[in-house]
Amino acid sequence: MRTTYSKPDVKWDGFRPVVYSLSELALSLPLTQTRRDGDQQLEDDTSIEKLLESLEGRDFQVEDETVAIRITSETGSLRLKGPTFNCRLAGAILELFKNGIKPFASRWFWYETDDSDTDPQTSYKFFVVHEDRIVRESVSFSDYSGSGFDPTVFDSGDDSVDSNWDLAWAAYWYRRFYRETLIGQLMVLRPDLPVIHHYPEGRSWHKLTAPVASIDPLKQIRFLLWVAIALLAFLAFWLIQK
C-alpha cells in the first residue's frame, strides 16, 4: 500500500526508469546533531550542506543506527537525528562523500518499488552511478506516515533539451546494472518476475523454462480413440478391397 506523499499540493506519479540526480533541496533537509563537549551534551540544528562543509578533507566513518546516523572522526563523534528519510539520505550522501565520490555529480536509477503486506509502507530502491561505474547496487528509502519522504529530492531533468540522450543513457546504465551487478542479475532471475527496465531480452531464460501447458487427459483419450477408430476403418477397407 503506497502512502500519501507529504506534500499533497504537488502531484507525483511515482518514480520512472530515467536518470535522476540529487536536487539542491537535499542540501537543506533539516537534521539535528547531538555531540558531547566535555561533560555536556550539545544539540544543534544542521543540514547535509553544513555536514559536507565540516567534513571536507577529514577521515570519518558513518554508522547507520536505523533511527539515527552516527559520524565518527578524529575529533570525536556526533549523532544525527531527524525524519527517517532525511537521515537515510544523509547517510547515503556521506558514504559516497567519504569514498571520494561527489554525491551531487552522481546519477540515481530507481529499479524497484516494494509495498509492505503488513504495514502502510512503501520502499523504493535505487542503484547509483558515478562517472563510468556503478558505485552502489542498492540504496533504499521508505515512505510511510511521519518518514518525511520527499521524492522531489530526486530530479529527473524532464525539461532538458537532450532528453533523448538522457533516455539513451538510462537504457545503457539499466542494461549494465542487470548484466554486471549481483542484485541486477538476481532481479532478472527472480521467479516472481519483477519488472525490469530497458532490458527485454534479459528474460529469455523464462521462455525456455516456463512449464508447458498441461493437456486435459480426457481430451487426450478422445483423440487416441479417434485415431484408433480411423486406423480400424482403414484396415477394414483395405481387407474388403483384397
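Just so it is clear, the structure is predicted and the values come from calculations on it, not from any experiment.

Parameters and conventions
- Residues numbered from 1 in each chain as written.
- Predicted model: local features only at pLDDT ≥ 70, side-chain atom pairs only at ≥ 80, totals over all residues.
- Heavy atoms only, no water.
- Helix = DSSP H or I, 4+ residues; strand = E, 2+ residues; numbered from the N terminus.
- Buried < 20%, exposed > 50% of the residue type's maximum accessible area, 1.4 Å probe, protein only.
- Contact = heavy atoms within 4.5 Å.
- Pairing = 2+ DSSP bridges.
- Axes fitted to C-alpha atoms, helices over the stretch in contact; angles between N-to-C directions.
- Phe/Tyr/Trp six-rings, centres within 6.5 Å; stacked < 30°, edge-to-face > 60°.
- Lys NZ or Arg CZ within 6 Å of the ring centre and 35° of its normal.
- Core = buried A, V, L, I, M, F, W, Y, C linked by side-chain atoms within 4.5 Å.
- Polar contact = N/O pair within 3.5 Å; in protein donor to acceptor, adjacent residues only side chain to side chain.

**A short note on the overall build of the protein**
In step 1: The helix and strand inventory of the protein stands at six helices and ten strands.
In step 2: Scored against the burial criterion, the 242 residues of the protein give a buried share of 35%.
In step 3: Contacts in the protein between residues at least 24 apart in sequence constitute 54% of all its contacts with a sequence separation of at least 6.

**Observations regarding the sheet that holds strand β7 (residues 107–115)**
In step 1: In space, the three strands of this open sheet follow the order β7-β8-β9, with antiparallel pairing throughout. The two strands at the open ends of the sheet, each matched to only one other strand, are β7 and β9 (133–143). Each adjacent strand pair in this sheet contributes to an overall mean axis angle of 20 degrees, direction not counted.
In step 2: Here β7 pairs with strand β8 (residues 122–130) via eight bridges, running antiparallel. For R107, the partnering residue across the bridge sits in β8 and is V129.

**Regarding the packing of aromatic side chains**
In step 1: Tallied over the entire structure, the rule returns 29 aromatic pairs.
In step 2: With a centroid separation of 5.3 Å and 75 degrees between ring planes, the pair formed by F85 and F149 is classed as edge-to-face. Taken together, the positions of F85 in helix α2 (residues 84–98) and F149 in the loop between β9 and β10 (154–155) put the pair 64 residues apart, joining distant regions of the chain. An identical accessibility class is assigned to F85 and F149; each is buried.
In step 3: Positioned above the aromatic ring of W169 is the side chain of R107, whose terminal nitrogen or guanidinium carbon lies 5.9 Å from the ring centre.

**Focus: the pairing of strand β4 (residues 60–64)**
On a regular strand, one side chain projects to one face of the sheet and the next to the other, so that they alternate.
In step 1: The pairing of β4 with strand β5 (residues 69–73) spans five bridges and is classified as antiparallel. Pairing of Q61 across the sheet is with T72, part of β5.
In step 2: Linking β4 to β5, which pair antiparallel, is a turn of four residues; within it T66 sits at a positive phi near 70 degrees.

**Topic: unusual backbone geometry**
In step 1: If you check the backbone angles, L193 has positive phi at about 55 degrees while not being a glycine.
In step 2: Note that L193 resides in the loop between α4 (182–189) and α5 (204–209).
In step 3: Given the relative accessible area of 32%, L193 is considered partly exposed.
In step 4: Phi is positive for H198, which is not a glycine, with a value near 60 degrees.

**So, the nonpolar core**
In step 1: Of all hydrophobic cores here, the largest spans 53 residues; its most connected members are W108 and F154.
In step 2: A total of eight residues in this core trace back to one element, the largest contributor, which is α2.
In step 3: Contact partners of F154, with chain neighbours within four places excluded, come to F15, Y20, S21, L22, F85, W108, F126 and F141.

**Quick look at the side chain of R203**
In step 1: Among the structural elements, R203 can be located in the loop between α4 and α5.
In step 2: Polar contacts involving the side chain of R203 include one to the main-chain carbonyl oxygen of M187, which spans 3.0 Å.
In step 3: There is a polar contact of 2.9 Å between the side chain of R203 and the backbone oxygen of V188.
In step 4: For R203, the residues in contact, after removing those within four places along its chain, are M187, V188, L193, P194 and I196.

Bear in mind that shape data such as this cannot, by itself, settle questions of function.
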